[in-house]
Structures are given as C-alpha cells and as structure tokens.
Amino acid sequence: MTYAFTFDASACSGCKACQIACKDKNNLPVGVLWRRVYEVSGGSWQQQGSAWTTDVFAYNLSIACNHCVHPKCAGVCPVDAYVVRPDGIVYIDESKCVGCGYCSWACPYSAPRYNPELRHMMKCNFCFDNLDAGLPPACVAACPLRVLDIVTVDDGPTMVGSGLLPAQGLQPLWNIPGPEHPFPLPTFSRTQPHLGLKAHLGMVNELEKEISNWEEIKPQSTPRKNFLLKGFGELPLIIFTLCGQMAAGMALFSFFLEPFSIPILITLGGLIVLGGLASLAHLGAPLNAWRTLNHLKKSWLSREILLFGLFGASWLTCLFIPGMGKLPLALCGIGLVYSMARVYRLRSIPAWDSWRTTAAFFLSAGVLGALAVHLAEPKAWLAIGAGFLLAAEVGVMLSEKNPGYETARKIRGGLILLGMTGAAALAFLMENTGSWLASGIFLIVLAEEIIGRWLFYQRLEERVL
Ligand code: SF4
Ligand code: SF4
C-alpha cells in the first residue's frame, strides 16, 4: 500500500488554507513553503464588431512533495539522507543533511526547501506522524472545500490507483507520461509523482498560461550561511568549479612537461585548498561533510567529492615522491571534470541538461590549465592550444538555444576574442614579451570564465516550478 495526494483543481478556491496549515504545523520560517498554491491565469478579451468576448480563465494548483515512485531527490543526495518508507512516503533524515541544496536542483517540483535557520533542507513528509496516529495530513484537514485529499494506491508494476480515482474524474499522474501533465507541472519529469489530479477546464485548453503569484511561491535562493562564512550566493560554487577545473587542466598539460616545477606544484596545491574551502563554505552544515561519500552508488555529487579527494591525494604524492603521481593526477583530473559535468546535467534544469555543459567544463579546464602552466613555464604550444580552446568556447556559446542575458554574453564574447588575440601574440612573440602579457591574458580569460559560470547559474532561475 502506498499513499498519494489527490487534488481537485476544478473546485479549488485558492484560499491557501492548506499552505498555511502546513507552515503552521511544521513551524516553517518566513519564505519557506513546503506546500504552495500556484495561481495560474491566461486568456484575453477580443472585440467582434461592437461586442467584446473573453476566454479569460484562472485556476489554482496546490502542490507539495509528490512522494514520487522514482524520487530523484533521493538518488542525487550525496549523504543518502532521504528515506523511502514502505508506504511510499519520502522524507529527509535532517540529522544527516549537509545543506548542499542539490536535491532541490534535482527535484522537478522544487519540493525540498532550504531552512536558513536550521541550515539544512526540509520538505513535506506527508505528516507521517499524523498518519501513524490515524489522522490526515495537516493540509488535507485544513481544506474547507475538501478538494485536497489522500488515497492509498495498490503496489504493483502499474501502480493502479484506487478504483475511485477515475470515477471521481481524478487522473493518477504516476501512470501518465510527463509530457501529458498539465501546466504548471513540468512536462519533462520522469519521477512518476504520486498525485491524483482532477483537471480544471483552463488546464486543458490550448491557450498560453502563466503563474500569477510566482514571487510568492518561488524557491528562495537563500545563500547558505555557516560558521565558516556568511552566505555569498553561488559564489563558492563558482570558485570551486573554476579552481577544480583549472587544477585539472594544469595536471593534464603538465603531464607533458618533465618534471613538475615547484611553481606548478604550489599553484596546484593552492587551487585544491581554495576549491576545498569554497565547497565547504557552500554547505549549510559543513560538520556533516564527512558523510558526503555515503552515496557513491548513485550520487554523482558523492563521486565528484571522491574524485576531488583522490585528485588532492595524487597531488600530495607528486609533492612528496617526485616522479610519482603524475599519471593518477591527470586521470583524476579528467574524472573530476567529467563528474562535475554529470552533477550539473539535470533533467530538472533543461538548459544544463545538454552536451554543452560537459563541453564547456572541459574547455574551461583546458583554457585555464594551459594558460596557468604557460605562466610558470612559457611554451608556444600551450599558448596555441589555449587559443584553439577559446575558439571552441565561442562555438559552444553560439550553439546555445534561447541564450538570453545579451549584455553579459557580449562582454564575455569580447573577452574571449581578446584572449584569442593575446594567445596568438603570446605564441609568436614569446621571445620578445615579458610575463606581463601572459599575466594579462590569463586575467582576461579568468574574467571571461567567471562571467561564463555566472551565466550558467542564472539558468537556475528559469525553472518551471
Ligand atoms: S516531488 Fe521531488 S522531493 Fe518529492 S519525492 Fe518527488 S523528486 Fe523527491
Ligand atoms: S545533503 Fe544535500 S542533497 Fe542531501 S538532503 Fe541535504 S541538501 Fe539535499
């Protein structure tokens, strides 16, 4: 037996008693909502002769965690904090959560929300304490129109819902493919949400629809704050990815140099330490960071952290046993960049779920790595390589669909062109230039990469829910 929520959108008045009852029972702070009521509207007025007609419509959708058949949140969590009860209820063991926020990126319904007071993630737990005591969830009990309810579903390959569902006009969404789910539910989801829905007429028309109260219910982009640092938005993640990618690129290009020079070893060490500190600064509960290798079986975030650790261990080997550790360092670097790309390629953020993410990460690693190694040991082939990789970055940028952020992209494009010109000058005039030119080009490319990464994180704002 598995629990599922049911919601009759055709009769919801949008009073939000469910949203408030949930907030009250779970003592949620301002800005954190486990259950949200989305107000959707569309249509317009048309003039026909002297008469006006309208197809204006509006409806509400009350939604919390759907306790999915395939909970994506549980699969990606690096500390394995998610628990799936035998009755299908998915909840977070909050004592384990490290506050990384990755589950909220991966959930197509934006159900997990960060609690800035407790510094970890929280979400709807179906009020399982109420259920275990024979009571309904708080939201269901509060609904004055009785349009929000729960049913039990028979377990089995097709998860056939209670026979009453179709009779009541309720569609079991866990049995209906994502592309057929009504707005504003995401059509790409494959998690099979445990939600039975009776559609409002407005849901099934062809007219354009928009969420009218987005400011009220959108996920708060609360910067993590911990005892190490005050929150800096996504800045720690930008620093971590750029440091990790630059270090991986340096390891790859240095592989062809014999032996490692002291400046390269010191720079690599500095990048590893800075990247590691930045990743800790991003966590709400860094004291739980030791748990992040708990989910290597499924979570790419867990694997990324392992590869970052192995990369650091290979660097230590290079430092203390000269002549050893070079190959493991280069291989762990490739693995690290690949795992970073896998972490970000999420179906729930369509702009990231593309080959461009993998290509962009490897190109960033290559460009930054080649120029950083060139600073320590100038070689014409490193400058030429950086120039070609920058040209490839332009290709990836131009292939983006619906790119937006025109001004930032133009500035980035200009910096890339400047970097390409500089790299060509470095390659051909190297004998006659001092390190100032190489340093200037490195800083230009670093600025271009920071803008690229910033643009990347802006895509988080384009989520459907
Ligand atoms: S709605 Fe999101 S948080 Fe809830 S079970 Fe599904 S994937 Fe996980
Ligand atoms: S550790 Fe990260 S992914 Fe896991 S529940 Fe906490 S915030 Fe979500």
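The rules behind each value
Residues numbered from 1 in each chain as written. Chains lettered and ligands numbered in written order. Predicted model: local features only at pLDDT ≥ 70, side-chain atom pairs only at ≥ 80, totals over all residues. Heavy atoms only, no water. Helix = DSSP H or I, 4+ residues; strand = E, 2+ residues; numbered from the N terminus. Contact = heavy atoms within 4.5 Å. Areas by Shrake-Rupley, 256 points an atom, 1.4 Å probe, with all protein chains shown as cover. Phe/Tyr/Trp six-rings, centres within 6.5 Å; stacked < 30°, edge-to-face > 60°. Buried < 20%, exposed > 50% of the residue type's maximum accessible area, 1.4 Å probe, protein only. Lys NZ or Arg CZ within 6 Å of the ring centre and 35° of its normal. Near = heavy atom within 4 Å. Nonpolar A, V, L, I, M, F, W, Y, C, P; charged D, E, K, R; others polar. Patch = residues over 30% accessible without salt bridge, like charges linked within 9 Å, V, L, I, M, F, W, Y side chains within 5 Å. Salt bridge = Lys/Arg side-chain N within 4 Å of Asp/Glu carboxyl O. Pairing = 2+ DSSP bridges. Polar contact = N/O pair within 3.5 Å; in protein donor to acceptor, adjacent residues only side chain to side chain. Axes fitted to C-alpha atoms, helices over the stretch in contact; angles between N-to-C directions. Left-handed = near helix turned anticlockwise from the far one by under 90°. Domains from an automatic or database assignment. Buried area = accessible area lost by both parts, 1.4 Å probe. Core = buried A, V, L, I, M, F, W, Y, C linked by side-chain atoms within 4.5 Å.

Attention shifts here to the overall build of the protein. Of the regular secondary structure elements, the protein holds 15 helices and 13 strands. Taking the principal axes of the C-alpha coordinates as reference, the protein spans close to 80 × 65 × 40 Å. Taking the contacts inside the protein whose residues are at least 6 apart along the sequence as the reference set, 71% of them involve residues at least 24 apart. For the protein, the exposed surface amounts to about 20,900 Å²; the carbon and sulfur share of it is 64%.

The subject of this paragraph is the packing of aromatic side chains. Applying the stated rule across the entire model yields 21 aromatic pairs. Residues Phe 5 and Phe 126 carry aromatic rings whose centres are separated by 4.1 Å and whose planes lie at 10 degrees to one another, so their mutual orientation is stacked. Placement of Phe 5 in strand E1 (residues 2–8) and of Phe 126 in the loop between strand E9 (120–122) and helix H4 (128–132) is noted, with a sequence separation of 121 residues between them. A single burial state applies to Phe 5 and to Phe 126, both of which are buried. Seen from their ring centres, Tyr 102 and Trp 105 are 6.0 Å apart, and the 75 degrees between their planes marks the pair as edge-to-face. Within this pair, Tyr 102 and its partner Trp 105 are both found in helix H3 (residues 102–106), separated by 3 residues, close to a single helical turn. Residue Tyr 102 shares its accessibility class with Trp 105, and that shared class is buried. Through successive ring pairs, a cluster of aromatic residues spans Tyr 102, Trp 105, Tyr 344, Trp 352, Phe 361, Phe 456 and Tyr 457. Against the face of Phe 5 rests Arg 35, its NZ or CZ located 4.7 Å from the ring centre. Residue placement shows Lys 326 over the ring face of Phe 260; its charged tip is 5.3 Å from the ring centre.

The next subject is the site of ligand 2. The environment of ligand 2 is formed by Cys 77, Pro 78, Val 79, Tyr 82, Cys 97, Val 98, Gly 99, Cys 100, Gly 101, Cys 103 and Met 121. When its residues are assigned to classes, the shell around ligand 2 shows 9 nonpolar, 2 polar and no charged.

Before going further, it helps to spend a moment on a nonpolar patch on the surface. On the surface, Leu 252, Phe 255, Phe 256, Leu 327, Leu 331, Ile 334, Tyr 338, Phe 362 and Trp 381 cluster together into a nonpolar patch covering about 820 Å² of accessible area. Within the secondary structure layout, Phe 362 lies in helix H12 (residues 355–376).

Structurally, Gly 387 can be placed in helix H13 (residues 380–398). Assessed through its relative accessible area of 14%, Gly 387 is described here as buried. Once you skip the residues sitting within four places of it in the chain, Gly 387 turns out to touch Met 420 and Ala 423.

Moving on: the pairing of strand E4 (residues 51–54). In this structure, strand E3 (residues 45–48) lies alongside E4, joined through 4 bridges in antiparallel fashion. Its bridge partner lying in E4, Gln 48 is registered against Ala 51. Linking E3 to E4, which pair antiparallel, is a turn of 2 residues; within it Gly 49 sits at a positive phi near 65 degrees.

Structurally, Asn 60 is set in strand E5 (residues 57–63). Only 3.5 Å separates the side chain of Asn 60 from the backbone oxygen of Cys 12, close enough to count as a polar contact. Those residues in contact with Asn 60, other than ones at most four positions away along the chain, are Phe 7, Ala 9, Cys 12, Ser 13, Gly 14, Val 37, Tyr 38 and Glu 39.

In helix packing, the relevant descriptors are the interaxial angle and the interaxial distance, both defined with respect to the helix axes. The N-to-C vectors of helix H8 (residues 235–254) and H12 enclose an angle of 65 degrees; their axes lie 7 Å apart at closest approach. Relative to H12, H8 is oriented so that their crossing is right-handed. Every residue of H12 that contacts H8 at Leu 242, Gln 245, Met 246, Gly 249, Met 250, Phe 253 and Ser 254 is listed here: Phe 361, Ser 364, Ala 365, Gly 366, Leu 368, Gly 369, Ala 370, Ala 372 and Val 373. The residue makeup of the contact of H8 with H12, split by class, is 10 nonpolar, 6 polar and no charged.

It is worth spelling out the site of ligand 1 at this point. The immediate surroundings of ligand 1 are formed by Cys 65, Asn 66, His 67, Cys 68, Pro 71, Lys 72, Cys 73, Cys 107, Tyr 109, Ala 111, Pro 112 and Lys 123. Among the residues forming the shell around ligand 1, the class breakdown is 8 nonpolar, 2 polar and 2 charged.

For the coordinates displayed, the defined rule picks out 11 salt bridges. Ionic pairing is found between Asp 132 and Arg 85, a salt bridge with its closest N-O pair at 3.2 Å. Placement of the pair is Asp 132 in helix H4 and Arg 85 in the loop between strand E6 (82–84) and strand E7 (90–92), with a sequence separation of 47 residues. A relative accessible area of 54% places Asp 132 in the exposed class. Arg 85 gets classed as buried once you look at its relative accessible area, which sits at 17%. Here Glu 400 ties to Arg 409 by a salt bridge, and the two come within 3.2 Å at their closest N and O atoms. Among the charged side chains, a network of salt bridges with common partners joins Glu 400, Arg 409, Arg 459 and Glu 462.

Moving on, we get to the domain arrangement of the protein. According to the domain assignment, the protein consists of domain 1 (2–217) and domain 2 (235–462). Placing the centre of domain 1 and that of domain 2 at their C-alpha centroids yields a distance of 38 Å. The partner domain 2 presents 27 residues to the 22 residues of domain 1 that form the contact. Counting each side, the surface lost to burial between domain 1 and domain 2 is near 2,000 Å², with a carbon and sulfur contribution of 61%.

With that settled, consider the nonpolar core. Grouped together as the largest cluster of nonpolar side chains are 80 residues, with contacts concentrated most on Trp 105, Leu 268 and Tyr 344. Judged by nonpolar contacts, the second largest core, of 43 residues, contains Phe 7, Cys 12, Tyr 59 and Cys 107.

We now examine the environment of Ile 305. Turning to its location among the elements, Ile 305 is positioned in helix H10 (residues 300–320). Ile 305 sits 206 residues away from Gly 99 along the chain, and the two C-alpha atoms are 15 Å apart. Once residues lying within four places of it in the same chain are set aside, the contact partners of Ile 305 are Thr 292 and Leu 293.

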